[in-house]
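What follows is each chain in one-letter form.
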Amino acid sequence: MWKTPRHPGSPLTSREASRLSRMKGAKPERRVNQAGSSHSVSLQRVSLLAPSSQRSSRGHKEALNIDFVEMFGDGINCLPANLGSDSYQSFLIVMPAPILAKLYDRYSARLLEQNVRTFLQARAQVNKGIRATILTEPQMFFAYNNGITATAQEVETRLKDGHLQIVRMTDLQIVNGGQTTASLFHTQRKDKADLSGIFVQMKLSVIDSEQSEMIVPRISEYANTQNRVNAADFFSNHPFHVRMADFSRRIWAPAQQGAQRETKWFYERARGQYIDAQSKLTPAEQKRFKAEYPKPQMFTKTDLAKFENVFDDHPKWVNLGGQKNFARYALRIGREWEKSSNGFNELYFKRAIARGILFRATEKLVSAQPWYNGGYRANIVAYTLAVLGDIAKKREASVDFQQIWAAQAIDQTLTDALAIIAAAVNEDIIQPPQGISNISEWAKKEGCWTRLTAKCDEIADSLSEEFLTSLVSGDETKSDAKDAKRTQKIDNGIEAQRQIIEIPGNVWQDLRGRMTARRLLTPKEIGIMNVAAQLPGKVPSEKQCVILMEILDKAREEGLHPRRAA
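These numbers come from a predicted model, not from an experiment.

Cut-offs and rules
Residues numbered from 1 in each chain as written. Predicted model: local features only at pLDDT ≥ 70, side-chain atom pairs only at ≥ 80, totals over all residues. Heavy atoms only, no water. Salt bridge = Lys/Arg side-chain N within 4 Å of Asp/Glu carboxyl O. Phe/Tyr/Trp six-rings, centres within 6.5 Å; stacked < 30°, edge-to-face > 60°. Helix = DSSP H or I, 4+ residues; strand = E, 2+ residues; numbered from the N terminus. Buried < 20%, exposed > 50% of the residue type's maximum accessible area, 1.4 Å probe, protein only. Expected span 1.5 Å × (residues − 1). Contact = heavy atoms within 4.5 Å. 1 Å grid on protein atoms, 1.4 Å probe; cavity = no way out; pocket = protein on both sides within 12 Å on 5 of 7 lines; lining within 4 Å. Points joined across faces, edges and corners; volume = space filled by probe spheres on them. Nonpolar A, V, L, I, M, F, W, Y, C, P; charged D, E, K, R; others polar. Axes fitted to C-alpha atoms, helices over the stretch in contact; angles between N-to-C directions. Parallel < 35°, antiparallel > 145°, perpendicular 65-115°, else oblique. Left-handed = near helix turned anticlockwise from the far one by under 90°.

1. Concerning the pattern of salt bridges
Working definition: two side chains of opposite charge can pair if their charged atoms are close together. According to the stated counting rule, one finds 25 salt bridges in the structure shown. Several salt bridges converge on common partners, so that one network encompasses Glu308, Asp312, Arg351 and Arg355.

If you want it as structure tokens, here you go:
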């Protein structure tokens, strides 16, 4: 079964790229979809080219293919619920709890990758309630529980003894009810609970792959009512966050001074991922996990938004609180990603980590100052770093973030400069204008930053020459960024090629015909689609594949989706 490509994510190695060129002559295999039709795909499946360490985002993993008859000895009884609509299929299912628990045991977080909130252990009240019901009133579980909302890309059904059964699902995703599923598994394992008499209602929607990126997040958003879900949660499946998570799982940070091993920074793009990643590990495995991903090196989307906005946007947003600041950050990143995703590369990730190190070091520094009385630390930290950035910008320079990344710490010269800036910031913001008594509210206003920026030159004059000369020139920073963008562009081209050749040639031929009939293609685009129509005999180049990705986007905007040619 071919999959509709997503936007390019993690890169391939040069060795993998060279293997792409040897795709010619691959023999096809046959797959049958739910309607009974079949199509050809290459036996040399492209997804196998990338090692597991590089297939960390959903777009790079083999879809879950669950055969209920093979796993459990029988299909799952269901009722069709699409009421004659031909837009998509839906089913109502009364799912036995032991089956859910076993699915979670086998596939774990892969079932929840489209869930805006992964399992938060038993810390949330709802999970304690689920556990209590399982242990004390299992017969009431169906009545008390909200049930599960799930999606699949494809299902296979059969009639048995007059009942409709689902016998196979492709890419099952629990978009609401992850806590229920995980709680069943953990209560069975830890408390030895008997799940045999527990059933869970499931609403299953069959959403094909080309529509899943648009529709599944909406289903997840509209269905989540059990817990308060933050705005940040609903942005977790954006390709930007998928890419950042991929970087965090494969980029090793240099060993800190005195340390014997390198570590990684764990980017939690969905709440609870750090804990959930450890939930099924043995004590020894947990120890290794924490050695690779130390708890202090876990950071969330709202953390990232603070680290970035305080330098690149406006400090007042950081002072407005985590969710409002993140909403501002998400809006900015979304726009920049649409223009070009190449800027969000390994250099960007490392700079973000360096900014995080600087941010957290400033928090500790402020707390340790003799003038600090225990209040307004968040405001002082945000404006201290904003002033630091402003002083550097006025000199057409930047803090040496690459040096911070390499050392995984800030040096004494920078520490001394921060102490001077923080003292000046504190003295200024604790004296709001007449008529304003609430310092926290003053810190959220435009006037607070305007008054501080007027003092930046005076503050800069009190900084050491050693600090000022440690700043990196703007030309050097721009050159590094340009090189990083060029590398990411190459990586994107290789990834686009991998995704494009998963679509059979006859599908490209059909799409070309429908788009040509509507006069949606330029002569150049028609020529490139002619090449794609010859897959797997002829493979489009990396540049051609990038254009083909753009053609797919154009087709979707016009309501045309890839389909098997008649």
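From this point on, the discussion continues.
2. A few points about the packing of aromatic side chains
Tallied over the entire structure, the rule returns 21 aromatic pairs. Judged by centre distance (5.3 Å) and plane angle (50°), the ring pair of Tyr104 and Phe185 falls under tilted. Highlighted residues: Tyr104 in helix α3 (residues 97–107) and Phe185 in helix α6 (residues 178–191), separated in sequence by 81 residues. In this structure, Tyr104 and Phe185 share a single accessibility class: buried. Pairing Phe326 with Tyr329 gives two aromatic rings, centres 6.4 Å apart and planes at 55°, and the pair type is tilted.

3. A look at helix α8 (residues 239–250)
The end-to-end C-alpha separation of α8 is 17 Å, in line with the 16 Å expected for twelve residues at 1.5 Å each. Of all twelve residues making up α8, nine are buried, and the element is well covered by its neighbours. Buried residues of α8: Phe240, His241, Val242, Arg243, Met244, Ala245, Asp246, Phe247 and Ser248, and no others. Elements that come into contact with the buried residues of α8 comprise β11 (266–268), α11 (301–312), α13 (322–339), α14 (346–367) and α22 (474–500).

4. What to know about the layout of surface pockets
Volume-wise, the second largest pocket comes out at about 1,200 Å³. What lines the second largest pocket is a set of 42 residues, among which Leu347, Arg351, Thr477, Lys478 and Ala481 lie closest to the centre. Of all the elements, α22 adds the most residues to the lining of the second largest pocket, at 13 residues. Split by residue class, the lining of the second largest pocket holds 14 nonpolar, ten polar and 18 charged.

5. Some details on the packing of α22 against helix α25 (residues 542–557)
Relative orientation and spacing of two packed helices are given, respectively, by the angle between their axes and the distance between those axes. At a closest axis distance of 8 Å, the pairing of α22 and α25 adopts a crossing angle of 70°. Taken together, α22 and α25 sit at an angle that is classed as roughly perpendicular. Like other packed secondary-structure pairs, α22 and α25 cross with a definite hand, here left-handed. Between α22 and α25, the contacting residues are Ile490, Gly493, Ile494, Ala496, Gln497, Gln499 and Ile500 on the first element and Glu542, Cys545, Val546, Leu548, Met549 and Leu552 on the second.

Keep in mind that these numbers describe shape and distance, not what the molecule does.
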